[in-house]
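What follows is the residue order along each chain.
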Amino acid sequence: MIAALSEKTEAIYQQVIARNPGETEFHQAVKEVLESLSPVLVKYPEFAEQKIIERICEPERQIIFRVPWQDDHGEVQINRGFRVQFNSAIGPYKGGLRFHPSVYLGIIKFLGFEQLFKNALTGMPIGGGKGGSDFDPKGKSDNEVMRFCQSFMTELYRHLGEYVDVPAGDIGVGGREIGYLFGQYKRITNKYESGVLTGKGIGWGGSLVRKEATGYGTTYFVREMLKARKDTLEGKTCVVSGSGNVAIYTIEQLMKQGARVIACSDSHGVVRHDEGIDLDLVKQLKEVERRRIADYVKHHKDAHYVAGGNIWDIPCQVAMPSATQNEINGKDAATLVKNGCIAVGEGANMPTVPEGVRVFLDAGIAYGPGKAANAGGVATSALEMQQNASRDSWTHEYTEHKLDEIMTRIHALTYETAAEFGAPGNYVVGANIAGFIMVAKPMVALGLV
Ligand code: NDP
């Protein structure tokens with residue numbers, strides 16, 4: 001079900017490896033897109049003539065900077081900051097910031113590369129970018145996080161702007177971090193430029209439903225995939241990895257759709273609760289108290305916690321990977337299929353290794369790749385930008401309705417594109433081709449820039 005690289009795309013891939021040594025996640029993301037593109041080059045020979053693929057694989061700009069800050073003991077700490085401005089053919093760079101010790105250039109580039117296609121799929125005028133730092137907010141005091149964010153923005157601000165580059169959150173960057181970043185941007189520039197960051201709080205430029213958007217949107221995408229197969233989420237048993245922003249609101253929307261979520265996790269272990277996960281408790285532990293998911297079982301004696309456990313061993317009908325990249329390997333994918341999984345919706349970015357994707361596609365299950373399935377977050381960020389530009393704020397109902405419409409449209413677009421290019425039901429092909437064409441055509445129109 002996955003095409004091999006053609007001679008042309010293989011040559012481009014080898015060039016990407018040679019030009020970006022050691023950036024394995026970036027190589028993986030590029031290869032996955034290139035595998036879909038051969039038929040596009042046949043249909044649109046101008047893309048090859050204009051070297052659109054080669055140009056898309058090279059970010060427009062990559063910024064790496066020092067972030068010095070002082071911890072609560074007065075000791076100087078040094079982290080590294082990144083912003084990769086990948087592609088601005090259809091709008092200002094847009095994409096989140098990730099604060100996690102694993103961050104290096106290869107992670108930011110894979111995320112930025114995925115982002116540019118995802119943003120195109122939303123149909124909104126936003127280009128692709130991504131950034132972050134190897135700073136770990138875990139275990140830091142609020143004051144330490146604030147000092148770090150202020151130092152980070154003191155360099156980053158000169159590269160941002162509502163018509164230039166608009167960051168948001170990602171792993172390790174939530175409402176608290178966006179607040180400190182926005183405060184410092186405002187202070188340095190002396191401008192209340194709401195549209196420069198998204199994921200802001202309600203009352204200072206944020207949009208209702210932004211917090212819920214990625215999880216809700218991914219669930220809507222799965223709902224649409226099942227609808228295309230004349231099925232629903234009602235009564236389905238689900239597992240959701242992670243217990244951060246995306247996981248929490250995926251669980252919430254799955255419950256609203258009548259599904260039963262029996263497990264979630266964090267980087268230390270897995271909680272299984274066959275009665276159904278107590279979402280209020282997860283929110284309290286993770287959003288309010290910033291504690292480990294292990295503490296869940298202190299409140300529910302009939303729940304089980306396995307330190308270092310593998311959530312994909314738990315039988316389920318719907319799997320929603322919502323933690324991080326490459327969290328489902330080939331063996332996990334095979335276990336899920338063997339245990340009766342019929343749908344996978346990727347809230348996380350690139351959570352399934354290529355071998356796992358192959359397993360899902362070969363088994364013919366409904367597989368929604370992150371590029372399409374989790375686009376609701378950035379789409380609602382674009383709605384936040386719309387509200388900021390018009391100095392307006394929309395109701396919860398209206399914003400949620402817009403999000404639902406966008407996800408339903410992305411599903412239809414990727415479904416139809418897959419069928420048009422000879423791979424019916426293959427959303428990987430549908431998302432890669434539809435996203436690529438939506439960026440490639442404007443790139444041709446804008447000339448060699
Ligand atoms: P959060 O920081 O809110 O939560 C991340 C969750 O994943 C936590 O439970 C964390 O556990 C777990 N996790 C992180 N890294 C690892 C790891 N290396 N191994 C195991 N578990 C891990 O991040 P988000 O919920 O915002 O992001 C989750 C995923 O969704 C990411 O892939 C992100 O790129 C993607 N995404 C996010 C969007 C958004 O709007 N926020 C939009 C689209 C995609 P612990 O607390 O123990 O670290």
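Computed from a prediction, not measured in an experiment: that's the story for all the values here.

Calculation criteria
Residues numbered from 1 in each chain as written. Predicted model: local features only at pLDDT ≥ 70, side-chain atom pairs only at ≥ 80, totals over all residues. Heavy atoms only, no water. Helix = DSSP H or I, 4+ residues; strand = E, 2+ residues; numbered from the N terminus. Buried < 20%, exposed > 50% of the residue type's maximum accessible area, 1.4 Å probe, protein only. Near = heavy atom within 4 Å. Polar contact = N/O pair within 3.5 Å; in protein donor to acceptor, adjacent residues only side chain to side chain. Areas by Shrake-Rupley, 256 points an atom, 1.4 Å probe, with all protein chains shown as cover. Nonpolar A, V, L, I, M, F, W, Y, C, P; charged D, E, K, R; others polar. Domains from an automatic or database assignment. Contact = heavy atoms within 4.5 Å. Buried area = accessible area lost by both parts, 1.4 Å probe. Salt bridge = Lys/Arg side-chain N within 4 Å of Asp/Glu carboxyl O. Axes fitted to C-alpha atoms, helices over the stretch in contact; angles between N-to-C directions. Parallel < 35°, antiparallel > 145°, perpendicular 65-115°, else oblique. Left-handed = near helix turned anticlockwise from the far one by under 90°. Pairing = 2+ DSSP bridges.

S.K.: Go over the environment of Gly422, please, and point to the residues and values.
M.R.: Looking at the element boundaries, Gly422 is found in the loop between α16 (396-420) and α17 (427-445). On the accessibility criterion, Gly422 (60% relative accessible area) is exposed.

S.K.: Pulling in residues and values, what's your account of the site of the ligand?
M.R.: With respect to spatial proximity, 24 residues lie near the ligand, and among them Lys138, Asp170, Thr214, Ser267 and Arg292 are the closest. Within the contact set of the ligand, an oxygen atom lies 3.0 Å away from a backbone nitrogen or oxygen of Gly172. Within the backbone of Gly244, a nitrogen or oxygen atom sits 3.5 Å from an oxygen atom of the ligand. Burial of the ligand by the surrounding chains reaches 83%, relative to a free accessible area of 890 Å². Within the residue set of the shell around the ligand, elements represented by two or more residues are α8 (210-228), α9 (245-256) and β7 (260-266). A breakdown of the residues in the shell around the ligand according to their chemical character gives 4 nonpolar, 14 polar and 6 charged. Viewed by domain, the shell around the ligand spans two of them, domain 2 (61-192) and domain 3 (213-373), each represented by three or more residues.

S.K.: Which residues make up the domain arrangement of the protein, and what values go with them?
M.R.: Here the protein is partitioned into domain 1 (7-56), domain 2 (61-192) and domain 3 (213-373). If you look at the interface, domain 1 gives 5 residues, while domain 3 gives 6 residues. Across the domain 1/domain 3 interface, buried area totals approximately 430 Å², and carbon plus sulfur atoms make up 51% of it. Where domain 1 meets domain 3, there are 1 salt bridge. The residue Lys371 makes a salt bridge to Glu32 at a minimum N-O spacing of 3.5 Å. In this assembly, domain 1 and domain 3 are joined by 1 residue pair in polar contact (both at pLDDT 80 or more). Tallied by class, the residues present in the side of domain 1 that touches domain 3 amount to 2 nonpolar, 1 polar and 2 charged.

S.K.: Which residues make up the packing of α9 against helix α10 (residues 279-288), and what are the values?
M.R.: For the pair α9 and α10, the least separation of the axes is 11 Å and the interaxial angle reads 165°. Here α9 is positioned roughly antiparallel relative to α10, judged by the angle of their axes. Like other packed secondary-structure pairs, α9 and α10 cross with a definite hand, here left-handed. Within the contact between the two elements, α9 uses Ile248, Tyr249, Ile251, Glu252 and Met255 and α10 uses Leu279, Val282, Lys283, Lys286 and Glu287. Taken together, the residues that form the contact of α9 with α10 break down as 6 nonpolar, no polar and 4 charged.

S.K.: I'd like a rundown of the sheet that holds strand β4 (residues 128-133), residues and numbers included.
M.R.: Ordered in space as β1-β2-β4-β3-β5, the 5 strands form an open sheet in which the pairing is mixed. Looking at strand neighbours, the two that pair on one side only are β1 (61-70) and β5 (165-168), the edges of this open sheet. The mean angle between the axes of side-by-side strands here comes to 20°, regardless of whether they run parallel or antiparallel. Taken together, the 3 bridges between strand β3 (residues 93-99) and β4 define a ladder with parallel strand orientation. Its bridge partner lying in β4, Arg98 is registered against Gly132. Each of β1, β2 (76-87), β3 and β4 touches helix α6 (residues 142-156); the most contacted strand, β1, lies at about 140° to it.

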